[in-house]
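# Architecture and fold: a report
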Amino acid sequence: GTASAVGAARPPAWTTAIEPFEIYGNTYYVGTEGIASVLITSPQGHVLIDAGVADAAPLVAASIRKLGFDLHDIKAIVASHAHHDHVGGIAELRRLSGATVYARAAQAVTLRAGELQPDDPQYGVVDSAFPAVEQVSVIPDDGVVKVGSIVLHAIATPGHTPGGTSWAWQSCEHERCARLVYADSLTAVSADGFRFTRSAELVDKFSASIDRIASQPCDVLVTPHPEVSRFFERMHERAEGGSTRVIDTGACRRYADGARAGLASRLQRERDGREK
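Bear in mind the structure is a predicted one, so any value in this text is a computation, not a measurement.

Counting across every chain of the model gives 2 disulfides. Sulfur-sulfur distance for the disulfide between Cys172 and Cys177 comes to 2.0 Å. Disulfide Cys172-Cys177: the torsion about the S-S bond is 100°, which places it as right-handed. Cys172 gets classed as partly exposed once you look at its relative accessible area, which sits at 37%. Covalently, Cys218 is tied to Cys252 through a disulfide, its sulfur atoms 2.1 Å apart. Judged by the sign of its S-S torsion, about 70°, the cystine formed by Cys218 and Cys252 is right-handed. Linking Cys218 in the loop between α5 (200-214) and β12 (220-222) with Cys252 in helix α7 (residues 251-271), this pair joins segments that are 34 residues apart in sequence. Each member of the pair Cys218 and Cys252 is classed as buried.

Encoded structure:
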């Protein structure tokens, strides 16, 4: 979900193909104009993070092939959060690749069901179902997914969804290694009638997730909705100024600061009775 109205018409950008490109080292952008999907490669196999809406699965697959990689070499698929705009294409990408899907327990339940669970803030929103992912391997909240030389660290970031997960890994180029963070959505948006303030534990978990991202060692930030972190603008700067232009060690902290302000605003609106 974005920070815009939940359940609104699907933005065309979500299914608009763009040229895939290198983000940093062995990490590539293979998503659409509106929804990120990231491929991390190694000689022993690849990892895919997110796969867009169901209709975008062929676009993600085509982008991976266009970069010269074989879908069958994808050994692991993981997700940021289990909403249809990020995981709708996972079942198809899993079918095409034979990869194992890994998820934290709360996310695994939703992926297997293909629909939101009652504890999701957006539960009850129309058209929120997606193709179910039949087989999901559960990892701990701080689990690690390893494929060849790729070591992908899960960072539990519940709030936007109960199973929300951010991911961190290292990619190297020109003898310089960078720590990349795929920071999950941290927006406090919901279906009508949902109240974050109904549960102090819920608010505490959300706040802790934001703090977790703020404190991450973070050289390169990628977000599920690229525009939230000015991702394409930053990549354009990279194209003009070389790979060092994409290194921004303050990006995760600024992203978290924005999320913290957004959560505070949402909680205040609830307390003032200004939420639907």
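After presenting the structure, the write-up continues.
Scanning the model with the defined rule gives 12 salt bridges in all. Asp257 serves as the salt-bridge partner of Arg260, at 3.0 Å between the closest nitrogen and oxygen. Note that Arg260 and Asp257 are positioned in helix α7 at a spacing of 3 residues, about one turn of the helix. Across the pair Glu275 and Arg269 runs a salt bridge whose closest N-O atoms are separated by 2.6 Å. Here the salt bridges do not stand alone but share partners, grouping Arg266, Arg269, Glu270 and Glu275 into one network.

Let us now look at empty space enclosed by the protein. Scanning all chains against the criterion turns up 1 cavity of 30 Å³ or more. Taken as a whole, the largest cavity spans an internal volume of roughly 30 Å³. A per-class count over the lining of the largest cavity returns 3 nonpolar, 4 polar and 1 charged.

What the rule picks out here adds up to 9 aromatic pairs. The interplanar angle of 25° and the centroid separation of 6.1 Å between the aromatic rings of Phe21 and Phe231 together place this pair among those described as stacked. On the criterion of sequence distance, the pair formed by Phe21 in strand β1 (residues 21-24) and Phe231 in helix α6 (residues 231-241) is long-range, its members being 210 residues apart. Here the aromatic residues Phe21, Tyr29, Phe231 and Phe232 are joined through ring pairs into a cluster of three or more.

Conventions we followed
- Residues numbered from 1 in each chain as written.
- Predicted model: local features only at pLDDT ≥ 70, side-chain atom pairs only at ≥ 80, totals over all residues.
- Heavy atoms only, no water.
- Disulfide = S-S within 2.5 Å.
- Buried < 20%, exposed > 50% of the residue type's maximum accessible area, 1.4 Å probe, protein only.
- Helix = DSSP H or I, 4+ residues; strand = E, 2+ residues; numbered from the N terminus.
- Salt bridge = Lys/Arg side-chain N within 4 Å of Asp/Glu carboxyl O.
- 1 Å grid on protein atoms, 1.4 Å probe; cavity = no way out; pocket = protein on both sides within 12 Å on 5 of 7 lines; lining within 4 Å.
- Points joined across faces, edges and corners; volume = space filled by probe spheres on them.
- Nonpolar A, V, L, I, M, F, W, Y, C, P; charged D, E, K, R; others polar.
- Phe/Tyr/Trp six-rings, centres within 6.5 Å; stacked < 30°, edge-to-face > 60°.

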